[in-house]
Amino acid sequence: MKSTLAKLWHRQRGIWFFNIRGDLIAGIVVALALIPEAIAFSIIAGLDPKVGLYASFSMAVVIAFAGGRPGMISAATGAMALLMVTLVAEHGLQYLLAATILTGIIQLFFAWAKLARYMMFIPRTVLVGFVNALAILIFLSQLPYLIDGDVTMWLLVAGGLIIIYGLPMLPFCPRLLPPPLVAIVALTGLVLFAGLPTLTVGDMGDLPDGLPVFLLPDVPLNLETLSIIFPTALALAIVGLLESLLTASILDDLTDTPSGKNREAQGQGIANIVTGCFGGMAGCAMIGQSVINIKSGGLGRLSTLAAGLYLLFFILVLGDLVSLIPMAALVAVMLMVAFATFDWNSLKTLHRLPRTDATVLLVTIGTVVVTHDLAKGVLAGVLLSAVFFARKIANSIHVDSSRPEGSNTRTYTVRGQLFFVAVDKFIDSFDYREPVHNVVIDLRELALWDSSAVAAIDKVVGKFRRNGMEVAVMAPLGAGRELHDKLARHDKGLELGTGGH
């Protein structure tokens, strides 16, 4: 019994308690940064600030236990808020809560289907574009505070950045003291003691004064309700998982540690179901807050749990003090996150990338910045990468021919990959008017990928036969042989028209 308990404690210590000081301190910084963002995202969605704050608390606490990436922060996000604007405007909060629960159910289905494995189809250039675009969005989201702010705001932000970047350079600075937390405390103290007039967290909205209560959404349980909430829930589920899995991949690189992508998908589903039952809006992983957590020393699940619990403690117990924090301090922290998130090395290597990779990178960034939708940027990048890849593979097909002197037979040897993109090049590679009696088409070194490829072979054979030539086809080997034998018409005595299959 003692041996079992010792093993269990050793395992849990390695998961939860290997970085206690760092995780607890990082949780404070993350919780403070979550407050104004959660309020802002609630306002974007047309909701009361407490909906976003409850969601951030609930998501962080649940995902600490159920998620697949230690140190990753999940909460209410801007991308998710934008997707729920119409539903909230037309049907209200209760339908949003129902959609949030359905979002979690859909994500659990995705986890059951192990769809997280398809992350492998997202190229590195798209991931880099995603990160850089997010850094730009974080930076742009802070510009209104600077543009609309006064000299006091500018000086406070500058002071915050000086503390954040200058403190680590001081030889006597304790390494366990996160510069972002020092900046928040220092600027808050300066504003209070000097009586400086500036925008504070309290000016962003009222903080809740009570705990979230378990309550199922007050909506009719019928098909009409399902038809109303399903489109929004499906969009939330897809975008939430996409952002969460991409964020997990980025943190994997930052920390050189692996994460369970399928477990993360499952955890997001559980967290959204719980959040919907406690009056919160749907959420997902936040790359900005996750980077803050890692940069502040938070590496384990304890940091995520601490962020959620600190958030609740701050808004319920220390709400009056938290409301006095100047927004300038949080702007400085978010600017640091933007600079740290951006992959500056990608600018140095951009001119050395293949033109197609550079185009995918820029299109991904441009789409996200223009639409403010990370999912659309990733989708655009993946589709463009697929187009470039298909074109590249299509150009790999080669048709060589030989005709011994005095022979009446022309042999064509085809190599490469034949699918719908390469069909035209394949068909145009033959001489249909050459005065020969026999044609041999050797496909043994050709890979067939779809019905369009088989239809193209039939079309080539048909062209030769209509010109009075005898055609012999040496069928592909391997998996292409089965596809050829199943779909081809030229070897079955069937009429070969000009349209193929």
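Definitions and limits used
Residues numbered from 1 in each chain as written. Predicted model: local features only at pLDDT ≥ 70, side-chain atom pairs only at ≥ 80, totals over all residues. Heavy atoms only, no water. Helix = DSSP H or I, 4+ residues; strand = E, 2+ residues; numbered from the N terminus. Expected span 1.5 Å × (residues − 1). Buried < 20%, exposed > 50% of the residue type's maximum accessible area, 1.4 Å probe, protein only. Axes fitted to C-alpha atoms, helices over the stretch in contact; angles between N-to-C directions. Parallel < 35°, antiparallel > 145°, perpendicular 65-115°, else oblique. Left-handed = near helix turned anticlockwise from the far one by under 90°. Contact = heavy atoms within 4.5 Å. Nonpolar A, V, L, I, M, F, W, Y, C, P; charged D, E, K, R; others polar. Phe/Tyr/Trp six-rings, centres within 6.5 Å; stacked < 30°, edge-to-face > 60°. Lys NZ or Arg CZ within 6 Å of the ring centre and 35° of its normal. Core = buried A, V, L, I, M, F, W, Y, C linked by side-chain atoms within 4.5 Å. Pairing = 2+ DSSP bridges.

A.B. asks: Help me out: how do you make sense of helix 9 (residues 179-194) in this one?
C.D. replies: Compared with the 22 Å implied by 1.5 Å per residue over 16 residues, the 22 Å span of helix 9 between its first and last C-alpha is a close match. Every buried residue of helix 9 is accounted for by Pro-179, Pro-180, Leu-181, Ala-183, Ile-184, Leu-187, Thr-188, Gly-189 and Val-191. Phi turns positive, to about 65 degrees, at Gly-195, one or two residues after helix 9.

A.B. asks: Before we go on, may I ask you to explain the packing of helix 2 (residues 20-45) against helix 3 (residues 49-66) in this structure?
C.D. replies: Packed helix pairs are specified by the crossing angle of their axes together with the interaxial distance, meaning the distance between the axes. It is at 7 Å that the axes of helix 2 and helix 3 come closest, and there the two elements cross at 130 degrees. Relative to helix 3, the element helix 2 is oriented oblique. By crossing handedness, the relation of helix 2 to helix 3 is classed as right-handed. From helix 2, Ile-35, Ala-38, Ile-39 and Ser-42 reach across to helix 3, where they touch Pro-49, Val-51, Gly-52, Leu-53 and Ser-56. Classifying every residue of the contact of helix 2 with helix 3 by side-chain character gives six nonpolar, three polar and no charged.

A.B. asks: Mind showing me how you'd approach helix 20 (residues 451-466) here?
C.D. replies: Owing to its 3.6 residues per turn, the α-helix brings residues three or four apart onto one side. Counted at 1.5 Å a residue, the expected span for helix 20 with its 16 residues is 22 Å, and the 22 Å between its end C-alpha atoms agrees. Three or more residues of helix 20 are buried, namely Ala-453, Val-454, Ala-455, Ala-456, Ile-457, Asp-458, Val-460, Val-461, Gly-462 and Phe-464. Looking at the buried residues of helix 20, the elements they touch are strand 4 (409-418), helix 19 (423-427), strand 5 (438-448), strand 6 (470-474) and helix 21 (479-487). Just downstream of helix 20, Gly-468 is the residue with a positive phi angle, here 85 degrees.

A.B. asks: Could you clarify how one ought to interpret the packing of aromatic side chains in this entry?
C.D. replies: Aromatic ring pairs are reported here in terms of the distance separating the ring centres and the angle at which the planes meet. Across all of its chains, the model carries 15 aromatic pairs by this definition. With 5.7 Å between their ring centres and 35 degrees between their planes, Phe-109 and Trp-112 make a pair best called tilted. Here Phe-109 pairs with Trp-112, and both are found in helix 6 (residues 93-112), just three residues apart, close to one helical turn. The exposure class of Trp-112 is exposed, given its relative accessible area of 67%. When the centroid spacing of 5.2 Å and the interplanar angle of 80 degrees are considered together, the rings of Phe-426 and Phe-430 count as edge-to-face. Each member of the aromatic cluster is reached from another via a ring pair, and the members are Tyr-412, Phe-426, Phe-430, Tyr-432 and Phe-464. The cationic tip of Lys-463 hangs over the ring face of Tyr-432; the distance from NZ or CZ to the ring centre is 5.2 Å.

A.B. asks: Looking at this structure, how should I read the side chain of Thr-275?
C.D. replies: Assignment of secondary structure puts Thr-275 in helix 11 (residues 261-277). We classify Thr-275 as buried; its relative accessible area is 0%. Contacts of Thr-275, omitting those with residues within four sequence positions, involve Ala-55, Ser-58, Met-59, Gly-280 and Met-281.

A.B. asks: Where do I start with the nonpolar core in this structure?
C.D. replies: Note that soluble globular proteins tend to have their nonpolar side chains buried in a common cluster. If you look at the biggest cluster of nonpolar residues, it comprises 108 residues, and the most contacted ones within it are Ile-35, Met-84 and Met-281. Grouped together as the second largest cluster of nonpolar side chains are 29 residues, Tyr-412, Val-423, Phe-430 and Ala-456 included.

A.B. asks: Please explain the sheet that holds strand 5 as it appears in this structure.
C.D. replies: Strand pairing in a sheet relies on backbone hydrogen bonds, with the paired strands running either antiparallel or parallel. Taken together, four strands build an open sheet; the order of strands is 3-4-5-6 and the sheet is mixed. Each having just a single partner strand, strand 3 (398-402) and strand 6 make up the two edges of the open sheet. Strand-to-strand, the axes of this sheet are offset by a mean angle of 20 degrees, without reference to chain direction. In the sheet, strand 3 pairs with strand 4 via five bridges, with the strands oriented antiparallel. Each bridged residue has a counterpart across the sheet, and for Val-399 the counterpart in strand 4 is Val-414. Docked against the sheet, helix 20 engages strand 4, strand 5 and strand 6, running at close to 175 degrees with respect to strand 5.

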